[in-house]
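# Residue-level structure breakdown
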Amino acid sequence: MATIKSILHETRVFPPDAAFVNQANLPGMETYRALCDEAEKDLEAFWGRLAREHITWHKPFSRVLDESNHPFFKWFDDGELNVSFNCLDLHLASQPDKVAIIFEADDGKITLSTYRDLHGRVCRLANGLKSLGIGKGDRVIIYMPMSIEAVAAMQACARIGATHSVVFGGFSAKSLHERIIDAGAVAVITADEQHRGGKINHLKTAVDDAIALGGTDSVKSVVVYKRGSGDVQWHVARDVWWHDLISGKSEVCEPEWIEAEHPLFTLYTSGSTGKPKGVQHSSAGYLLGAILSMKWVFDYKPTDVFWCTADVGWVTGHSYVTYGPLAVGATQVVFEGVPTYPDAGRFWKIIQDHKVTTFYTAPTAIRSLIKNGPDLPGKYDLSSLRLLGSVGEPINPEAWMWYYTVVGQSRCPVVDTWWQTETGSHMIAPVPGAVPLKPGSCTLPLPGILAAIVDEAGHDIENGKGGFLVIKRPFPSQARTLWGDPERFRNTYFPKELGGRYYLAGDSANRDLDGYFWIMGRIDDVLNVSGHRLGTMEIESALVASPLVAEAAVVGKPDEIRGEAIVAFVVLKGTRPQGETAHDTAIELRNWVSQEIGPIARPEEIRFGDNLPKTRSGKIMRRLLRTLANGEEITQDVSTLENPAILEQLKHPIA
């Protein structure tokens, strides 16, 4: 298999299948280029047309873009709408009995919710929240397991104009506490417990612990959904059962018509240092991005069964579980569990049982499934699939090829999507009916997204060379600010070093001679080894290209001579080697990387583990790997790890 070094220059591509093109929403490169040309000619007219065509407005807008307070842009700001109305009410006349959500619980139990049923659930909860005095402008924390109720809670907040902030159910009480305080939340919506992989996580207990840490006087109500036994500590003056709150409430709740720029939600992202950043998204611009990417990137058809495996605690779950699929009237799968429980065939069985047509998951999940059963997909009927997606981090070419050939049976396009919490929806991704695919590349920007690669001074870099990924012009779905911290927003995303003009994504990238984008890793994941800039993704791809390796993560550590030394954490396809075998395997892999990329990329250290430290959503915790590489004690919060015991295993390099 090729690594990024060679694939950047190879000509092999996977053109769209003719049958797929004939049915595609954007058929052929001519259609794609026409939209790009329209945007470049008049960006405001382009987005204004799409906003009128794809969103139902209560009060039409007359202004498309206000750039007067750069970089705090406003889109469609004198228009009024309601996001929940656009996701639910619009479908009641045409398809009230169409299944909106197929929910599969951790234990395999199936629950179906039609658009009529989901609308009723949302309205009852919205009326219940209003009875607690919650309304437009209030902030509500949602700390829920994956469920129909999690989606309903988000939609109910949108319906009454409350700004929700979803906290991933695996986060600790301390993390929850920080977010409650920063948001000034008036309520928390949670459940007694969460079920994942046959294990129970007590969510209500974490909420109690978070509030007990103090400074949370803003919280007046805690709404608790009974997912399990219901055996929880109870605070009579504050706590209310979900079922009691909605009892007797009407299934009709007129939507609160809100301004286009009204904050739909904040979503907190955390780095290795500093307090979490509350990324604030608007209502109309965000909704437009979710709708267009469903139609362009996922080529949505009314007959599709869509499945995004992300938790609603992440932006992917916001855009491609709660809002995007419902806004286009789709049927989607919502799954509570993990891909390897009760066995490594769980994902493939779900696709088979529910006849999923569009499957969207993360490279970490893909690589894990390769390790746990590379031949398993062949034992299930995956013939319903017509499109595959990848999200969350760059997918290495080898995993891409397995995904394409084994899961997609060499007939399903793979849409490798680059975007961020801050962008709200896809930025760079192949339009499957138009753009030829290259394994490992997110390909070309979507129409209206003016992406570029620049140097440290903001100057454009020619194709074939790497630099900083930026977006040169505003787009509707981008974050408006950081909650309560506009200066941090400006300094982080529109830094003075680049003239304050462009949105700095924080990723390094390369653009090949065909203009295709290759994400090389975070800027702080670009290593400077003896004056050479090496993307961690490039070294990881080289390692995974070895027939010995299932998964790898690379970080840098300070080196007195070279500036930075390369440390690789490796999971082999076989058992973890010990003693002399580990030593010999490490030498073999170092030599492999030297051959694949060059001696400069040879890892200084290799550490073997049974797996890598990951969150319950499958994201590798690279900040913990940096701490281990530096020989430091881990003091960061590790409560979100699926496998905290692995940290001890990865402490020591191979001699």
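Residues numbered from 1 in each chain as written. Predicted model: local features only at pLDDT ≥ 70, side-chain atom pairs only at ≥ 80, totals over all residues. Heavy atoms only, no water.

The protein carries the name Acetyl-coenzyme A synthetase in an unreviewed UniProt entry, which gives Nitrosospira lacus as its organism. The heading Cofactor (unreviewed entry) in the UniProt record of the protein holds the text "Mg(2+)". The record in UniProt for the protein states the following under Sequence similarities (unreviewed entry): "Belongs to the ATP-dependent AMP-binding enzyme family." (UniProt positions renumbered as here; feature names shortened; annotations may be inferred.)

Turning our eyes to something else, we now look at the pairing of strand β8 (residues 187–191). On a regular strand, each side chain points to the face opposite its neighbour's, so the side chains alternate between the two faces of the sheet. Taking burial as the measure, the five residues of β8 include five buried ones, the bulk of the element. Note that strand β6 (residues 139–143) and β8 share four bridges and pair parallel. By the bridge assignment for β8, isoleucine 141 is matched with valine 188. Examined bridge by bridge, β8 and strand β11 (residues 221–225) share five bridges and lie parallel to one another. (Buried < 20%, exposed > 50% of the residue type's maximum accessible area, 1.4 Å probe, protein only. Helix = DSSP H or I, 4+ residues; strand = E, 2+ residues; numbered from the N terminus. Pairing = 2+ DSSP bridges.)

Looking at the assigned domains, one finds that the protein contains domain 1 (83–96 + 113–299 + 311–327) and domain 2 (530–650). Taking only C-alpha atoms, the centre of domain 1 and the centre of domain 2 are 37 Å apart. In this assembly, nine residues from domain 1 lie in contact with seven residues from domain 2. Contact between domain 1 and domain 2 buries roughly 700 Å² in total, counting both sides, with carbon and sulfur atoms accounting for 54%. Along the contact surface separating domain 1 from domain 2 lie zero salt bridges. Partitioned by chemical class, the residues of the side of domain 1 that touches domain 2 number three nonpolar, five polar and one charged. (Domains from an automatic or database assignment. Contact = heavy atoms within 4.5 Å. Buried area = accessible area lost by both parts, 1.4 Å probe. Salt bridge = Lys/Arg side-chain N within 4 Å of Asp/Glu carboxyl O. Nonpolar A, V, L, I, M, F, W, Y, C, P; charged D, E, K, R; others polar.)

This paragraph deals with the packing of helix α6 (residues 115–131) against helix α7 (residues 148–160). The geometry of α6 relative to α7 is characterised by a closest axis approach of 8 Å and an angle of 60° between their N-to-C directions. Judged on the interaxial angle alone, α7 and α6 are oblique. The way α6 lies across α7 gives a crossing that is right-handed. Residues Leu118, His119, Arg121, Val122, Cys123, Leu125, Ala126, Leu129 and Lys130 of α6 form the contact with α7, whose own contacting residues are Ile148, Glu149, Ala152, Ala153, Gln155, Ala156, Cys157, Arg159 and Ile160. Partitioned by chemical class, the residues of the contact of α6 with α7 number 12 nonpolar, two polar and four charged. (Axes fitted to C-alpha atoms, helices over the stretch in contact; angles between N-to-C directions. Parallel < 35°, antiparallel > 145°, perpendicular 65-115°, else oblique. Left-handed = near helix turned anticlockwise from the far one by under 90°.)

UniProt's entry tags Gly392, Glu393, Pro394, Asp416, Thr417, Trp418, Trp419, Gln420, Thr421, Asp507, Arg522 and Arg533 with the feature "binding site: ATP" (unreviewed entry), counted in the numbering of this structure. Summarising the element assignment, proline 394 is placed in the loop between β19 (387–390) and α15 (397–407). The residues touching proline 394, leaving out its near neighbours within four places in the chain, are Pro363, Arg367, Ile519 and Met537. Sequence-distant contacts of tryptophan 419, that is, excluding residues within four places in its chain, are made with Val315, Thr316, Ser319, Tyr320, Tyr360, Val391, Gly424, Ser425, His426 and Met427. Within the structure, tryptophan 419 has its side chain in polar contact with the side chain of tyrosine 360 (distance 3.2 Å). (Polar contact = N/O pair within 3.5 Å; in protein donor to acceptor, adjacent residues only side chain to side chain.)

Overall, mixed pairing links the three strands, which are arranged β28-β29-β30 in an open sheet. Strands at the two margins of the open sheet, each flanked by one partner only, are β28 (549–559) and β30 (605–608). Averaged over all neighbouring strand pairs, the angle between strand axes comes to 25°, with direction disregarded. Judged from the 10 bridges that link them, β28 and strand β29 (residues 563–572) form a sheet pairing that is antiparallel. In the sheet register, valine 555 faces β29, and the bridge partner there is valine 567. The strands touched by helix α17 (residues 536–544) within the sheet are β28 and β29, with β28 carrying the most contacts at an inclination of about 140°. Contacts from helix α19 (residues 622–629) reach β28, β29 and β30 within the one sheet, and its direction differs from that of β28 by about 55°.

What follows is about the packing of α17 against helix α18 (residues 579–596). Where α17 meets α18, the closest approach of the two axes is 9 Å, and the angle between their N-to-C directions is 115°. The handedness of the crossing between α17 and α18 comes out as right-handed. Contact residues: Ile539, Ala542 and Leu543 in α17; Leu589, Trp592, Val593 and Glu596 in α18. Residue classes in the contact of α17 with α18 are distributed as six nonpolar, no polar and one charged.

Glancing now at the pattern of salt bridges. Under the definition given, this model contains 37 salt bridges. Between arginine 63 and aspartate 77 there is a salt bridge, and its shortest N-O distance comes to 2.8 Å. Of this pair, arginine 63 sits in the loop between α4 (43–54) and β1 (65–66) while aspartate 77 sits in the loop between β2 (74–75) and β3 (80–81), placing them 14 residues apart in sequence. In this structure, the salt-bridge partner of aspartate 460 is lysine 472, at a minimum N-O distance of 2.8 Å. Within this pair, whereas aspartate 460 is found in the loop between β21 (451–454) and β22 (466–471), its partner lysine 472 is found in the loop between β22 and β23 (481–482), the two being separated by 12 residues in sequence. Note on aspartate 460: relative accessible area 51%, which makes it exposed. Judged by its relative accessible area of 25%, lysine 472 is partly exposed. One network of salt bridges, in which partners are shared, links Arg367, Glu393, Glu540, Glu551, Lys614 and Arg622.

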